[in-house]
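Chain by chain, the residues:
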Amino acid sequence: QVQLVESGGGLVQAGGSLRLSCAASGRTFSSYVMGWFRQAPGKEREFVAAIRSGGSTYYTTSAKGRFTISRDNAKNTVYLQMNSMKPEDTAVYYCAASGYSGSGYYTKEDEYHYWGQGTKVTVAS
């Protein structure tokens, strides 16, 4: 069982930056694919970014060039650095962990086994 706890959300002005953190329990963190998803008000949850155990990263189109996902396996933590933020980035951001190790981009919710409770991000215009 893996428990995920997100932090770092809050209110930021458009053009600003935030860094989200997700702390994971468990001794096998380094083997998990970790992902970030978000759910805007009135919309379905959507993929933002993922990072494999070896460090390969994947981003949704809207996040490329602005967001950076990274991980620190020694600290069992995954990060999402968000720069040049826009009002449309407003959402609850969720951290997720996948126990799969196969090929793929891990952009789908059903590829993940564990989820955090979410952290709210609001970008003011």
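In what follows, the structure referred to is the one given above.
Residues numbered from 1 in each chain as written. Predicted model: local features only at pLDDT ≥ 70, side-chain atom pairs only at ≥ 80, totals over all residues. Heavy atoms only, no water.

A.B. asks: An account of the nonpolar core is requested, with residue identities and associated values reported.
C.D. replies: Leu4, Met34, Trp36, Val78, Leu80, Met82 and Tyr93 are the most contacted members of the largest nonpolar core, which totals 29 residues. Where this core is concerned, the elements lending two or more residues are β3 (18-24), β4 (33-39), β5 (46-51), β7 (67-72), β8 (77-82), β9 (91-98) and β11 (119-124). Among all residues touching Val78, those that are not within four sequence positions of it are Leu20, Ser21, Cys22, Phe29, Met34, Trp36, Ile51, Ile69, Ser70, Arg71 and Cys95. If you look at the next biggest cluster of nonpolar residues, it comprises 8 residues, including Val33, Phe37, Ala96 and Tyr112. (Core = buried A, V, L, I, M, F, W, Y, C linked by side-chain atoms within 4.5 Å. Buried < 20%, exposed > 50% of the residue type's maximum accessible area, 1.4 Å probe, protein only. Helix = DSSP H or I, 4+ residues; strand = E, 2+ residues; numbered from the N terminus. Contact = heavy atoms within 4.5 Å.)

A.B. asks: Before we move on, can you summarise the pattern of salt bridges with the specific residues and values?
C.D. replies: Pairing between side chains becomes possible if they bear opposite charge and their charged atoms approach one another. Here the structure, examined in full by the defined rule, presents 4 salt bridges. A salt bridge links Glu46 to Arg38; the shortest N-O distance between them is 2.7 Å. Of the charged contacts, one joins Arg38 and Asp89 as a salt bridge, the two residues approaching to 2.9 Å between their closest N and O atoms. Here Arg38 is found in strand β4, whereas its partner Asp89 is found in the loop between β8 and β9, with 51 residues between them in sequence. Each member of the pair, Arg38 together with Asp89, is buried. Taken together, the shared-partner salt bridges connect Arg38, Glu46, Arg66 and Asp89 into one network. (Salt bridge = Lys/Arg side-chain N within 4 Å of Asp/Glu carboxyl O.)

A.B. asks: Please provide a residue-by-residue account of unusual backbone geometry, values included.
C.D. replies: One non-glycine residue with positive phi stands out, namely Asn76, at about 50°. Inspection of the secondary structure assignment puts Asn76 in the loop between β7 and β8. For Asn76, a relative accessible area of 19% puts it in the buried group. Located in the positive-phi region is Ser84, a residue other than glycine, with phi close to 50°. If you trace the backbone, Ser84 turns up in the loop between β8 and β9.

A.B. asks: Give me the lowdown on the environment of Ser7, citing residues and values where you can.
C.D. replies: Note that Ser7 resides in strand β1 (residues 4-7). With sequence-adjacent residues up to four places away left out, Ser7 is seen in contact with Arg19, Leu20, Ser21 and Thr119.

A.B. asks: Which residues make up the environment of Gly118, and what values do they have?
C.D. replies: Mapped onto the fold, Gly118 is located in the loop between β10 (114-115) and β11. Taking the relative accessible area as the measure of exposure, Gly118 reaches 16% and is therefore buried. As for Gly118 and Phe37, which are separated by 81 residues in sequence, their C-alpha atoms are 9.2 Å apart. Look past the residues within four positions of Gly118 in its chain and what remains in contact with it is Glu6, Val92, Tyr93 and Tyr94.

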